[in-house]
Each structure stands twice: as C-alpha cells, then as structure tokens.
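This is what each chain is made of:
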Amino acid sequence: MNSCLESAETKVTNAYVARVIEETKAKNANEPEFLQTVEEVLTTLAPVIDKHPEYEKIALLERLVEPERIISFRVPWLNDKGETIVNRGYRIQFSGAIGPYKGGLRFHPSVNQSIMKFLAFEQIFKNSLTSLPIGGGKGGSDFDPKGKSDNEIMRFCQSFMTELCKHIGHNLDVPAGDIGVGGREIGYLFGQYRRIRNTYEAGVLTGKGLEYGGSLARPEATGYGLMYYMREMLKANEMTLQGKTAIISGSGNVAIYACQKAQAYGVKVLAMSDSNGCIYDENGIDLDAVRQIKEVNRGRIREYLESHPSARYTENVKGETPAVYTIKADLILPCATQNDINLETAKLLTANGAIAVGEGANMPCTNEAEAYFLENNVLVAPAKAANAGGVSVSALEMSQNSMRYSWTFEEVDQKLDSIMVNIFKACKDAADEYGYGKNYIAGANIAGFLKVAKAMVSQGII
Ligand code: NDP
Ligand code: 2IT
C-alpha cells in the first residue's frame, strides 16, 4: 500500500510534489492549518503526478495552492451597550475552475487567514467530489456569537454583508453556513444583500429558510450524508451500522443530524459534546433533549443533566484529551472542529476498539492521527468526502432557485443519498486504481483533484 500523509521530507517520492510542498511552507510559514491540508493532499497525489509529468510545465500545483483571491475586510458594529466593536471578515475565493466559488461562512473567535485558507482549499476537492458544478471558497469572521443578543447578531450580519455583497453573486460566489452560522444568520445576511443590491437573487446564499428559497433537507444534509457515507464504507468492508455504538463530538448542526440518522440506522449514540465538555448516557442520547438545549435554548450541553439526571457530564481539561473521546465506542464521529483528534487521542480510540472514524467536521484529525488510524486498520471516512452532503444539497438548493421550483424532502434526500453513494465509490475506485487499498483519504483527494486538474488544463494558464 502506498504510504499516506507522512512528512514531505521523508516520504514524498515525486520531486515536483516535494518541491511545491516545500515552497508552500516557505511562503505561508505562519499558516499551520493551511500547510497541514496542503501537505496531506499533495503527498497523496504523488502517484497521480507521476503519471502526469506535463503538470509541472504549467505549474499546475503551484496554481492549485495559491488562492485566486483573498478578500479581507473591516466589520464594525454596535453592541447593545452602544459600544463600537471591530471584527475582521474574510472571503477566500480559492478555485473557480469548475464552478462559482462555494463554501460556508464561519463565525468563531479562532477564525484567521490560515483557518479560512485550509477550509477553502479543502472545499475545492470536496465540491469536485459532489459531481456538481461548484468551485472552492470559504469565509467568515473572528466574531464570537456566544452570548450575543439577537439584535447584536443581526447588526453584525448586516455590517458583514455590507462589504461581502460586493464580492458575491449567484454566478460568482455563493456562501452558506458553517460553525456559528445557521438559519438565523443566513436570514439576516440574505435580507441585507437583497436590500443593498435591490434584487431578489435567491441563489446568492444557501441554507436559506424554506419561506424564501431554501431547500428541504439542507439542515439535515451534512449529518445524514455522513451516515450514508459511513453505511457505504462499512458495507464495502462487510459490516453494517446496525447494533454499533458511537460517540459524537459537537452538538451543532452536523452533530445533531448525524445522531438522528445514526439512531435511525440502529446505532446507539452514547455521547455528544460541546467545547466545554461531554454528556454520556448509557441508555443512548435523547436527541430531542439535545435539540431543545442547542437549537431552541442555545444553551450548553451540560444542561442535559437537568432532564436526564442519570447521565454523566465530564468537563474538558485544557491540554488533555477531550472528554468525549475517553468513552469506548465502535464509531467515532468528530463533528465539531479541526484537529480535535491528535495522535494521542487516536491511540486511545484505537486501543478502545474503534472500528471506523467518520469525519463530519473539516480536518478533525491531525495528519498523524489519520496515519495512525490507517496503519491500525481503523477505517477513516475523510471529511472532504464524508461531509460533502451539506454542500451537495446547497448545490441542489441553487438548482431549485434557478428553476424557481422546489423538490420534496424525499426527492432531495434521495438525491443526497445517491450522491453520497457515488462519492464513496469514487473514493474507493481511486484508492484501488492508485494502490492505496483502504486509504479512502488518498482516494478522496485523488478523485477530487482529477476533475479540477483537467478543468485547469483546459482553461489555460490563469
Ligand atoms: P455549529 O456551529 O452548528 O456547531 C459547532 C459545534 O462544534 C458546537 O457543538 C461547538 O461547541 C463545537 N465546537 C466548535 N468549535 C469548537 C472548538 N474549538 N472546540 C470544541 N468544540 C467546538 O457548526 P456545524 O455543526 O455546522 O459545523 C461543525 C463542523 O462541521 C465544522 O468543522 C464545519 O466546518 C463542518 N461542516 C459543516 C457543514 C454544514 O453544512 N454546516 C458542512 C460540512 C462540514 P460550542 O457551542 O461549545 O462552541
Ligand atoms: O464545509 C462545508 O462544506 C460547509 N460548511 C457547507 C458549505 C456550503 O456551501 O453548503
């Protein structure tokens, strides 16, 4: 089996790939998350580049790792006390080779250029895998929505969109949600876009409410899609979801619907978490209670104990393994944030008998953790493929907006399911073709890359 994900100095056999990794590191030394994904992706592409020496002459990889455009802007807004706060906004338009830039907006205090670029870079390959015509982009702000009133959220969204609206459009760049951006925020953003541009351009944002152009099944899509991918991956390895146990990190949009679909498939979900800690319920998580806390009250996961006193809450300790990963389970579903699972956590989960990891979040495992899982026969459903259901239904929302028509929940869900079946097949076929065996991480990178590379070749040096 080809090795995967090791460091460029020691393992990359293709000289062109090794050079581009080194040059990217030198040019972006202060962007660790971006370098992490570039190293992962390019390392796995080596056998493809071996077959395509012509890519070097047209600097295809150098162009692939350089965003078409980085937009950074000031977002001033007034809080409820009348104080002026200044945040930083971003939109990274990374690759438009196969369609308008597409990707979410993240509002979280940790947001910086490195995180935006890693997310936008990954989005290129993810969006290619969906087989739908969408390029790669991402945006957001270091704004922290926690503890903000509804009016503060609205004023922030309006200020953010006042600048962003100059750079997006339904044929240009179509943002959606991500961490800290859900239906409420998309509504405020859409309202401000419509007001400033004086046009009803429904396809400029996805994840909209059903009343004004949203798609049925978009809220469910990422979590459901993750479980459809897991079903396919287990099936290809002669296993089923039925009867397995799972732990889910996070309790936001992706985590909630991954839990719902997992439970529908007969999986017992033992634990869920937020950034403070995790709840463990040996009877299986009561998802209605979690939804009430997170979606309605916008509260903390520990409040679960108020209605379920027999459950257990464990607080995270800074610098230690997040509490949720200390619980034994067959399926590990990281649905919170990047680099949640490091090598040490990967070792613990493997020792505790994990069968498979389903990456609902973007880049939830460090490269070392992914390599460890693969070396120890723990299957990994890679984020770029396994969480592509969200952006797939976003693209279906764009289709419905163009048609001025909407499909039923069942129609969208059925399309999502078949997209995820095709994505798993594409990952598996590419892994088989390039000698990567069960390394679906490499399979996803290769399958996603090939379409973008062909489009880039066709369109010339741009
Ligand atoms: P939400 O904002 O709905 O939920 C985020 C969840 O992750 C919360 O439980 C949050 O806890 C937790 N979390 C966030 N940051 C951290 C952190 N630094 N440490 C620990 N926990 C954290 O976001 P989503 O569910 O939409 O997104 C979750 C992941 O899925 C992200 O990686 C996102 O990029 C990815 N994703 C999302 C898609 C979508 O359609 N929404 C599509 C594909 C991928 P707390 O409340 O304590 O912050
Ligand atoms: O990471 C992701 O794929 C998303 N946050 C969803 C992007 C989208 O455009 O729906």
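Look up a bit, the structure's there.
Scoring rules and cut-offs
Residues numbered from 1 in each chain as written. Chains lettered and ligands numbered in written order. Predicted model: local features only at pLDDT ≥ 70, side-chain atom pairs only at ≥ 80, totals over all residues. Heavy atoms only, no water. Helix = DSSP H or I, 4+ residues; strand = E, 2+ residues; numbered from the N terminus. Buried < 20%, exposed > 50% of the residue type's maximum accessible area, 1.4 Å probe, protein only. Contact = heavy atoms within 4.5 Å. Areas by Shrake-Rupley, 256 points an atom, 1.4 Å probe, with all protein chains shown as cover. Lys, Arg positive; Asp, Glu negative; His and termini not counted. Charge placed at Lys NZ, Arg CZ, Asp CG, Glu CD. Pairing = 2+ DSSP bridges. Axes fitted to C-alpha atoms, helices over the stretch in contact; angles between N-to-C directions. Left-handed = near helix turned anticlockwise from the far one by under 90°. Nonpolar A, V, L, I, M, F, W, Y, C, P; charged D, E, K, R; others polar. Core = buried A, V, L, I, M, F, W, Y, C linked by side-chain atoms within 4.5 Å.

Within the protein chain one finds 18 helices and twelve strands. The C-alpha extent of the protein chain, read off along each of the three principal axes, is 60 × 55 × 45 Å. Across the 462 residues in the protein chain, those meeting the buried criterion constitute 59%. Residue pairs in contact within the protein chain that sit at least 24 positions apart in sequence constitute 72% of those at least 6 positions apart. For the protein chain, the accessible surface area stands at approximately 18200 Å², while carbon and sulfur atoms represent 50% of it. Across the protein chain, the 49 positively charged side chains and the 55 negatively charged ones have centroids separated by 4 Å.

Moving on: the sheet that holds strand β7 (residues 268–273). Spatially, β9-β8-β7-β6-β10-β11-β12 is the arrangement adopted by the seven strands of the open sheet, whose pairing is mixed. What marks the edges here is a single partner per strand, and that holds for β9 (312–315) and β12 (379–381). When the angles between neighbouring strand axes are averaged without regard to direction, this sheet yields 20 degrees. Here two bridges tie strand β10 (residues 331–334) to strand β11 (residues 356–358), and the two strands are oriented parallel to one another. Bridge pairing links L331 to A356 in β11. Against the sheet, helix α10 (residues 253–264) contacts β6 (245–249) and β7, and its axis sits at roughly 170 degrees relative to β7.

With that settled, consider the packing of helix α9 (residues 218–236) against helix α16 (residues 389–403). The N-to-C vectors of α9 and α16 enclose an angle of 145 degrees; their axes lie 7 Å apart at closest approach. The handedness of the crossing between α9 and α16 is right-handed. Between α9, through R218, A221 and T222, and α16, the contact on the second element is made entirely by G389, G390, V391, V393, S394 and E397. Broken down by class, the residue content of the contact of α9 with α16 amounts to three nonpolar, four polar and two charged.

Now for the nonpolar core. Within the largest apolar cluster, 107 residues are counted, with the highest numbers of intra-cluster contacts made by L42, L61, F121, Y229, M230, M272 and F449. Discounting chain neighbours no more than four positions away, the residues touching M230 are L241, L331, L333, A356, V357, G358 and A381. The next biggest cluster of nonpolar side chains, apart from the first, holds 23 residues, and it includes V75, F143, V181 and L189.

Attention shifts here to unusual backbone geometry. Positive phi, normally seen in glycine, also occurs at E238, with a value near 55 degrees. Assignment of secondary structure puts E238 in the loop between α9 and β6. Phi angles above zero are rare outside glycine, and M363 is one such case at about 50 degrees. Among the secondary structure elements, M363 is positioned in the loop between β11 and α14 (367–375). Classification of M363 as buried rests on a relative accessible area of 3%.

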